[in-house]
Amino acid sequence: MKFGILLDHQYAPGDDLHRRTAETVEYVQHIRDLGYDSVFGIHHYLSSLSTPQPLPLLSRLIDHSGTMQLGTGILILPLGHPVHWAEEIATIDQMSGGRFVLGIGSGYREIEFASFGLERRTRVSRMNEALEVMQRLWTGETVTHKGQHFQLDEVRCSVLPVQRPHPPVWVGANGPIGIARIARQGLPWLAPSNVRRNWAVGNLADYRAARLEAGFTEDGAEFPIHRDLCVADSSDEAFAIAGTEVRRSYDEYVQYGMDYFATQWEGIKHKALFFGSPDDIAAKVRDFADAGFNHFVFRAQWLGLPIERSVEIVERFAREVMPRFRP
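Overview of the structure. (Residues numbered from 1 in each chain as written. Predicted model: local features only at pLDDT ≥ 70, side-chain atom pairs only at ≥ 80, totals over all residues. Heavy atoms only, no water.)

With respect to the overall build of the protein chain
Helix and strand counts for the protein chain stand at twelve helices and eleven strands. The C-alpha radius of gyration computed for the protein chain amounts to 19 Å, which stays within 12% of the reference 20 Å derived for 327 residues, consistent with globular compactness. Each of the three principal axes of the protein chain carries a C-alpha extent, and together these read 60 × 50 × 40 Å. Residue burial in the protein chain is summarised as follows: out of 327 residues, 54% are buried. (Helix = DSSP H or I, 4+ residues; strand = E, 2+ residues; numbered from the N terminus. Rg over C-alpha atoms; globule rule 2.2 N^0.38 Å. Buried < 20%, exposed > 50% of the residue type's maximum accessible area, 1.4 Å probe, protein only.)

Structure representation (structure tokens):
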């Protein structure tokens, strides 16, 4: 069982990002010392919030993260060229000594695709083609590719990752069609934080069945999931600590056309969030683990919540919940 932290490096416009980066470094040092396994960054362009880009931020964190895995949760792959991504990711994998995890997704914000001159409807095919090209580049062989979106003529990647054949690739998807496609590729599906328990568990079962049908074993397989986490003396106290802030983070989706979150908050609140006492959280972890999830990536930061509260949350989980799942 692995436990990681998703950094919520989104700040009010005009905030002091130098100070916030130093704060993040200290937070990651704390996570490292508490025994967490991984730390992930998020990716967006042109956000309404000031959002530092994940690869430079993760590079800054390499020397402060011990042996933890470092990754993107997620990188919007269609918004970049596979040559760019391949060399950037190989570089950070080299710098970290082979600790990088590439979490990818197709994206959803129209403003991002429009600003890059891309049609949003092509995002899935662009993501799949870009990943295919990157995997070929990471072999170190000369690559010629004539595809729907990208063309390469006898090029060779100048930097190769430490991890062979390449860093682990996790793929995010919020629908059965995308999840089935990931299963057929034999890649880990990164389950989202904003879905209810039964949806996550049911789709994991379908994913595992499709993966096995495609000929992939589960030996050493990762089944990761994002969840929002607040550990307190009770559920009521957890929501008193961070309920306003986490609700505000979900309201951000509405401005990007995802109106679902405006009407489904109560369901998310009770069936998706890991908010409650240590016993409550342990029961949720056990429930999801029994369904097959084995790498929990928790977000304990939200805009407006003091970093001291986030530290208290990750400390309490490490002290009162994590030992129940480890020797």
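Structure's up, so let's keep going.
Brief notes about the pattern of salt bridges
For the coordinates displayed, the defined rule picks out 18 salt bridges. Between Arg208 and Glu218 there is a salt bridge; the shortest N-O distance is 2.9 Å. Residue Arg208 is located in helix α7 (residues 197–213), and its partner Glu218 is located in the loop between α7 and β9 (224–231); the two are separated by ten residues in the primary sequence. Given the relative accessible area of 25%, Glu218 is considered partly exposed. The closest approach of N and O atoms between Asp279 and Arg324, which form a salt bridge, is 2.9 Å. Taken together, the positions of Asp279 in helix α11 (residues 278–291) and Arg324 in the segment after α12 (307–320) put the pair 45 residues apart, joining distant regions of the chain. We classify Arg324 as partly exposed; its relative accessible area is 42%. (Salt bridge = Lys/Arg side-chain N within 4 Å of Asp/Glu carboxyl O.)

Honestly, that's just the spatial picture; any functional story needs more than this.
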